[in-house]
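Structure at a glance
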Amino acid sequence: MTATPEAVLARIDETLPEATERLLDLLRIPSVSTDPAHAGDCRAAAEWLVNDLRRLGLAAEIHPTPGHPMVVAKTPNMGDHSLPHVLFYGHYDVQPADPLDLWKRPPFDSALEDTPEGKVIRGRGASDDKGQLMTFVEACRAWISVHDELPLRITFFFEGEEESGSPSLVPFMKENADILGADLALICDTGLFGRDTPAIVTSLRGLLGEEITIRAADRDLHSGMYGGLARNPAHVLAQIIADLHDGKGRVTLPGFHDGVPELSPGQRAQWKALDFDAAAFLGEAGLAIPAGEAGRMPLEMIWSRPTAEVNGMESGYTGAGFKTVLPAEARAKISFRLVGRQDPLKIRETFRTWVRARLPADCRVEFTGHGASPASVMATDNPAFEKTRRALSREWPREAAFVGCGGSIPVAGHFREILGMDALLTGFGRDDDNIHSPNEKYDLECFHKGIRSWARIIAALASG
Ligand code: BES
Ligand code: ZN
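The model shown is predicted, which means the values in this text are computed figures rather than measured ones. Numbers given for residues are sequential positions, taken from 1 along each chain in its written order. All chains are assigned letters beginning at A, and all ligands numbers beginning at 1, according to the order in which they are written. The predicted origin of the model limits local features to residues at a pLDDT of at least 70 and limits the giving and counting of side-chain atom pairs to 80 or more, whereas totals for whole chains, interfaces and linings rest on all residues. For side-chain calculations, the full set of non-hydrogen atoms in the structure is used, while hydrogens and water are omitted.

**Let's talk about helix α13 (residues 411–419)**
- All buried positions along α13 are accounted for by V411, A412, G413, H414, F415 and L419.
- Note on α13: the residue one or two positions beyond its end, G420, has a positive phi of about 65°. Three exposure classes are used, based on accessible area relative to the maximum for each residue type with a 1.4 Å probe and protein chains only: buried under 20%, partly exposed in between, and exposed over 50%. Helix numbering and strand numbering both begin at the N terminus, where a helix is a DSSP run of H or I of at least 4 residues and a strand a DSSP run of E of at least 2.

The structure is reproduced here in structure tokens:
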């Protein structure tokens, strides 16, 4: 069978309006995984995908889990063992849309908008990850409509809990290893490097989430009556958070840096050659000055250094006006991004012991653990990486780059550990897509060229 993408690329160009309508339809389903009120919507998004994949002639099924369902689908050519077998992973769940008042249109009333920078697909999930997962589905649709069948065996695997820590993922992968095994996993959940350099991710940071509540008095107190005498848990929490970094921005937890490698000279030179414009990257978010560890280059700060960040804090009176109160409790959500061989569970224990040691008399602390996943490094010596690099470079105005990713996609590591297969990550999001923020969008150009990119990658992976 021929595996040239030209006719497929032409079909993609002709059918872009229909593909865009399909994506908008999927985006209108508010599949917010973290909120139990949206469980029905998560199921609806999974069903939408099953129906769409069945229309492509695939065997697609919903697989219930204790949380939101998984979708698994297979091309009809599974019996042809001469064809390489890839698994494509994406997530159909989205982040909560709040704060709602900052959206210029309702987050699930998705639409194609004209902006001074070009056409954008606006809505929660447009970029993370429904738009990206549909780039692959649309490439397959165009391929099937031109050639009747795909030149690869493909298993599709969509989950609906990625944005809420994937509690069902590992058990599901273990129980269903027989239907999920393939030669290689493809993941479309990352971005371009700059505006139009396609990027293949070579490393992901891991993630450890810890929620901490410090309690002191058995109720809120009048800060005039008790202030100065009674312990204030907001101060205790603030001190603990302040102590997490030294004056040079380095995390102070004992043993935290065990397993953190220094960049190799080769890696440093390759990242330097990417010519990252930190001022422009920060400037686009209204900032100007890198605020990470002293003496590290900006790409290193986001790709290969471990961090501790406060993601949320709450204590005392935060409503309108003023209230002279001495709060009874203070809470924070803290996440650690991990690199190298840092061990998330060991760091969790270290962090808890370290906090307890800082707790003054009259205070109690409670911890709730969230995700705990190690960093991962991709197997760039797998020949699929060079094939993909060449395919992407033909589609975009610049050569594809090998990049790090500061975000966390734990499934990449699970594919290796549980199913013994390498993962290849590429994606077409832009830095200004507002993922996890109000007014999320996906540029129509990224959607279009993303679909074309996958058609080229499919052709390249099929060509022996
Ligand atoms: N698509 C993102 C990962 C990502 C972030 C890629 C930034 C490129 C740039 C993914 O959906 C995500 O947000 N992951 C979470 C981790 C998850 C375990 C909650 C993250 O990185 O915070
Ligand atoms: Zn994502």
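**Some remarks on the site of ligand 1**
- Near ligand 1, the surroundings consist of H91, D128, E162, E163, D189, L207, R337, C405, G407, S408, I409 and H436.
- Counted as a polar contact is a pair of N or O atoms within 3.5 Å, where, for protein atoms, one must be capable of donating a hydrogen and the other of accepting one, and residues adjacent in sequence contribute only when both atoms are in side chains. At a separation of 3.2 Å, an oxygen atom of ligand 1 approaches a polar side-chain atom of D128.
- E163 places a side-chain nitrogen or oxygen 3.3 Å from an oxygen atom of ligand 1.
- Look at ligand 1: alone it shows 510 Å² of surface, and the protein chains cover 79% of it.
- Only Asp, Glu, Lys and Arg are considered charged in this grouping, and only Ala, Val, Leu, Ile, Met, Phe, Trp, Tyr, Cys and Pro are considered nonpolar; every other residue, Gly among them, is considered polar. Classifying every residue of the shell around ligand 1 by side-chain character gives three nonpolar, four polar and five charged. Here a residue counts as near a molecule or strand whenever at least one of its heavy atoms sits within 4 Å of it. Exposure was quantified through the Shrake-Rupley algorithm and a 1.4 Å probe, taking into account, for residues, occlusion by the shown protein chains and nothing else.

**Some thoughts on the sheet that holds strand β18 (residues 441–443)**
- Only strands joined by at least two bridges in the DSSP assignment are considered to pair. Taken together, the three strands give an open sheet; going across it, the order is β4-β5-β18, and neighbouring strands pair in antiparallel fashion. A single partner strand is all that each edge strand has here, and the edge strands are β4 (111–115) and β18. Neighbour to neighbour, the strand axes of the sheet diverge by 35° on average, direction disregarded.
- Note that β4 and strand β5 (residues 118–122) share five bridges and pair antiparallel. From the neighbouring strand, T115 faces β5, where its bridge partner is G118.
- We call two residues in contact whenever any of their non-hydrogen atoms come within 4.5 Å of each other. Every angle, taken between N-to-C directions, lies between 0 and 180 degrees, and every axis is a line fitted to C-alpha atoms, over only the stretch in contact when it is a helix. Across the face of the sheet, helix α14 (residues 444–462) comes into contact with β4, β5 and β18 while running at roughly 60° to β18.

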